[in-house]
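# Notes for the structure review
Here is how the chains run, residue by residue.
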Amino acid sequence: KENKVIEEEPDFSVGFPNANTSEEESGLYKTEDDEGTSYYFRGAVENNYIKFGKGKTINNQEEDDLIWRIVRINGDGTIRLMLNSLVTTSQVFNTKPSGYQYAGYTRENNSPCTNTSPCISTYIGSEIFENSNGGTNSDIKTYLEKWYSENLKEEDQYISYSSFCNDTSYGNGKEDSTSDILNYGANDRIYAALPKPSLKCPDPYKQGNSILRDYGGVYKLKIGLISADELNLGGYSFVSRYEAAKNYLKRTSWYWSMSPNDASALIAGIMNAYTYHINVDNKGGVVPVINLKADVQVTGDGSEQSPFIVN
């Protein structure tokens, strides 16, 4: 069905929907991202299913149709999808438990990953992804790219290189530190008393000077993870942990986001529709995120019974 854009700004401090809210407030909202106006789904959404590709998930060990949920229409017209199931529940983000670089999606980069010069992971084919910045992959990046090459290589022509944010800008005006109390940008935005999630990705600078860091930042990828800001926009919360059982982002286990919380932890989506920070060496869930090109044509009505299908 056609989606009417809801103009009122949501209350991002609570999980949504919950006993104190109406499911009629679920639907399509809009905000700005780095490429224009983005339209995102929030709450108990039932018309954002899409069937795309075949592969294995934690529920289907044999190759089967992959079902995704549309998270948002990006500012450049590409379509962000998040798999409707986990592909594993036992993947670390990085094997090292502490050290600020290990909150990065890549680290030891030859050049910083910025909005003007994002780090690109080019899909060469087979199981090969090549980093434009020469950085060292996080464990979870290696895992996702292997899953892509095993499950989505036949669909590669439909999948866009799109922006992903591993926000390693420091929050609260803090200077460079390896302390575990160091906070990153997403922590300040979504853990505030009045959360202000954003789809604009800050450059990974050191506060107070112009030195850009060699980990994290802005990426152009074929496959990645949802950000904590996208979780918050979609109805996940940290401030007030209402159990939003019908939220479309909920999965059967907690799963990683791409957003660092502090020097040793990443923000994760918990199955009861709130977020928490988890040490990078914990074993957790992986829910792949991809982006379809803006010119793809689909049939279907987006329901679970008749999902969109890419022609």
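Up top is the structure these notes are about.
### Some words on the environment of G134
Along the chain, G134 turns up in the loop between strand 9 (128-131) and strand 10 (136-137). Residues G134 and S111 lie 23 residues apart in sequence; the distance between their C-alpha atoms is 8.1 Å. Residues contacting G134, with those up to four places away along its chain left out, are E108 and N110.

### A short note on the state of the cysteines
Note: disulfide means a covalent bond formed between the sulfur atoms of two cysteine side chains. Following the criterion strictly, the structure yields two disulfides and no others. In this model, C113 is linked to C119 through a disulfide, with the two sulfur atoms separated by 2.1 Å. Disulfide C113-C119: torsion about the S-S bond near -95 degrees, hence left-handed. For C113, a relative accessible area of 0% corresponds to the buried category. The class for C119 is buried, based on a relative accessible area of 2%. Sulfur-sulfur distance for the disulfide between C165 and C201 comes to 2.0 Å. Measuring handedness by torsion sign, the sulfur bridge of C165 and C201 sits at about 75 degrees and is right-handed. Taken together, the residues span a long stretch of sequence, with C165 in strand 11 (residues 162-166) and C201 in the loop between helix 2 (185-190) and strand 12 (217-221) at a distance of 36 residues.

### Some remarks on the sheet that holds strand 8 (residues 119-125)
With respect to topology, four strands assemble into an open sheet ordered 9-8-12-11, the strand pairing being mixed. Each of the sheet's edge strands pairs with one partner strand only, and the pair in question is strand 9 and strand 11. Taking each pair of neighbouring strands and ignoring which way they run, the sheet shows an average axis angle of 30 degrees. Sheet topology note: the strand 8/strand 9 ladder contains four bridges and is antiparallel. In the sheet register, S121 faces strand 9, and the bridge partner there is N131. Contacting strand 8, strand 9 and strand 12, helix 1 (residues 139-151) crosses the sheet at an angle of about 35 degrees to strand 8.

### Re unusual backbone geometry
For the peptide bond that leads from F16 to P17, omega is -5 degrees, which places it in the cis range. Structurally, P17 is set in the segment before strand 1 (27-33). We note that E108 has phi near 55 degrees; this positive angle belongs to a residue other than glycine. Here E108 lies in the loop between strand 7 (106-107) and strand 8. Even without glycine at this site, S126 takes up a positive phi of about 55 degrees.

### Section: the environment of G269
Among the secondary structure elements, G269 is positioned in strand 14 (residues 265-270). With 16 residues separating them along the chain, G269 and G285 place their C-alpha atoms 9.2 Å apart.

### Some points on the nonpolar core
Counting residues in hydrophobic clusters, the biggest one holds 61 residues, and the most contacted among them are W68, L152, Y255 and W256. In this structure, L152 is in contact with F52, L66, W68, W147, I159 and I290, ignoring residues within four places of it in sequence.

### Structural notes on the side chain of N232
Here N232 is to be found in helix 3 (residues 228-234). There is a polar contact of 3.0 Å between the side chain of N232 and the backbone oxygen of F12. Excluding residues that lie within four positions of it along the chain, N232 makes contacts with F12, R42, I190, P195, P197 and S237.

### Some words on the environment of E150
Positionally, E150 belongs in helix 1. With relative accessibility at 42%, the residue E150 sits in the partly exposed group. The spacing of E150 and E127 is 23 residues in sequence and 7.6 Å in space, taken between C-alpha atoms. Side-chain polar atoms of E150 contact the side chain of K146, separated by 2.4 Å.

### Topic: the pairing of strand 11
Among the five residues that make up strand 11, four are buried, leaving the element largely enclosed by the rest of the structure. Where strand 11 meets strand 12, five bridges bridge the pair, whose relative direction is antiparallel. Counted as the bridge partner of F164 is Y219 from strand 12.

Reading guide: rules and limits
Residues numbered from 1 in each chain as written. Predicted model: local features only at pLDDT ≥ 70, side-chain atom pairs only at ≥ 80, totals over all residues. Heavy atoms only, no water. Helix = DSSP H or I, 4+ residues; strand = E, 2+ residues; numbered from the N terminus. Contact = heavy atoms within 4.5 Å. Disulfide = S-S within 2.5 Å. Buried < 20%, exposed > 50% of the residue type's maximum accessible area, 1.4 Å probe, protein only. Pairing = 2+ DSSP bridges. Axes fitted to C-alpha atoms, helices over the stretch in contact; angles between N-to-C directions. Core = buried A, V, L, I, M, F, W, Y, C linked by side-chain atoms within 4.5 Å. Polar contact = N/O pair within 3.5 Å; in protein donor to acceptor, adjacent residues only side chain to side chain.

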